[in-house]
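Single-letter residue listing:
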Amino acid sequence: MVTMTAKLHYYQATGRGNAIRLALAAANIEFEDVFASFPPSKEQRETWRKLGGNTTTNVPMLELDDGRVYTQSSAVLLVVARMGGLMPNNEELYLTDKLLADAEDLRGESYKCFIPWGASQEAADKFINEVLPLHLGNLERQLKLSNGAYFIGDALTIADIACYDATVNFGSSRVPGALDSFPLLKAWVAKVEENTGIKKYLASESFAGLMKFGPETVGR
Ligand SMILES: N[C@@H](CCC(=O)N[C@@H](CS)C(=O)NCC(=O)O)C(=O)O
């Protein structure tokens, strides 16, 4: 158990913040959400800029109680993985990086077709019928190659958390039933949700209070 409390600066939404929240939960690192309104005000961006230092983007941003601050969701995720014992062995690092990139590819495709943010129904339908099944199929293929219940053997790693976030928050939560043709992924999702820290977090009021990406985001 890591005795450290952390602040996650982000919106009151799953978005790019949630893989980090799930990793903190799996690592038993206590954290507090610091929410901003969406879209953020100029003053809010200035505050983030002072803390995170980037003139581009700063959130999701993790602030530790010893003053360390981390930005870029993919890098923050790895910080949490290293703090929380969620990194696989050295021999598995290529596969880890590769799966993190697969998760990011799916997130990127998913972000392209949000109807409330101006995407067309045609783009959303293509995501539902072609793009999402293509990416889920590629994850299912790799899960089949694992010699354990998780993507990398028998222990939950950061690769599972990233792929879970992409599969669920950016996939099946938007397109219910999307996992029906992928039995291995479906069983693995249930397994990830059994992790003690993740289970507790998913049942928490903090998680319940977040805006999730649902079927309305693809016009359903
Ligand atoms: N590559 C960055 C992208 C960050 C990003 O685009 N953040 C969005 C929310 S998902 C934002 O609204 N950022 C505003 C800001 O940081 O000023 C990451 O993964 O952290």
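Residues numbered from 1 in each chain as written. Predicted model: local features only at pLDDT ≥ 70, side-chain atom pairs only at ≥ 80, totals over all residues. Heavy atoms only, no water.

### Examining the overall build of the chain
Just so we agree on the cut-off: We count a stretch as a helix when DSSP gives it H or I for four or more residues in a row; a strand needs E for two or more, and each element gets its number in order from the N terminus. The globule rule used here is 2.2 Å times the number of residues to the 0.38 power, and the radius of gyration it is set against is calculated over C-alpha atoms. Accessibility here uses a 1.4 Å probe with only protein chains present; expressed as a share of the type maximum, an area under 20% marks a residue as buried, one over 50% as exposed, and anything in between as partly exposed. Should any heavy atoms of two residues lie within 4.5 Å, those residues are considered in contact. Working definition of accessibility: Shrake-Rupley area with a 1.4 Å probe, residue cover restricted to the visible protein chains.
Looking only at helices and strands, the chain has nine helices and four strands in total. The secondary structure elements of the chain, listed N-terminal to C-terminal, are β-α-β-α-β-β-α-α-α-α-α-α-α. For 220 residues, the compact-globule estimate of 2.2 N^0.38 gives 17 Å, and the chain sits close to it at 17 Å. Overall, the C-alpha framework of the chain stretches about 45 × 40 × 30 Å when taken along its three principal axes. Residues counted as buried form 48% of the 220 residues belonging to the chain. Nonlocal contacts in the chain, meaning residues at least 24 apart in sequence, comprise 71% of its contacts between residues at least 6 apart. In the form shown here, the chain has an accessible surface area of approximately 10800 Å², with 52% of it arising from carbon and sulfur atoms.

### Some points on the UniProt feature "domain: GST N-terminal" (unreviewed entry) in the chain
This is how the line gets drawn: UniProt positions are given in the numbering used here, feature names are shortened, and annotations may be inferred rather than shown by experiment.
Per the UniProt record, "domain: GST N-terminal" (unreviewed entry) is annotated on residues 4–88. As annotated, residues 4–88 comprises 36% helix and 24% strand, and the C-alpha atoms at either end are separated by 22 Å.

### So, the site of the ligand
Put simply, the rule is: For each residue, the test is whether any non-hydrogen atom lies within 4 Å of the molecule or strand; if one does, the residue is near. Under this definition, polar contacts are N or O atom pairs within 3.5 Å; protein pairs additionally need one hydrogen-donor-capable and one acceptor-capable atom, and for neighbouring residues in sequence, both atoms have to be side-chain atoms. Asp, Glu, Lys and Arg are counted as charged, while Ala, Val, Leu, Ile, Met, Phe, Trp, Tyr, Cys and Pro are counted as nonpolar; the rest, among them Gly, fall into the polar class.
Close contacts around the ligand come from Tyr-10, Tyr-11, Arg-16, Arg-45, Trp-48, Thr-57, Asn-58, Val-59, Pro-60, Gln-72 and Ser-73, and that covers them all. Between the ligand and Tyr-11, the relevant distance is 2.5 Å, taken from an oxygen atom to a side-chain nitrogen or oxygen of the residue. Isolated, the ligand exposes 510 Å² of accessible area, and the fraction of that covered by the protein chains is 78%. Mapped onto the shell around the ligand, the elements with two or more residues apiece are strand 1 (5–11) and helix 2 (42–52). For the shell around the ligand, the class distribution of residues is five nonpolar, four polar and two charged.

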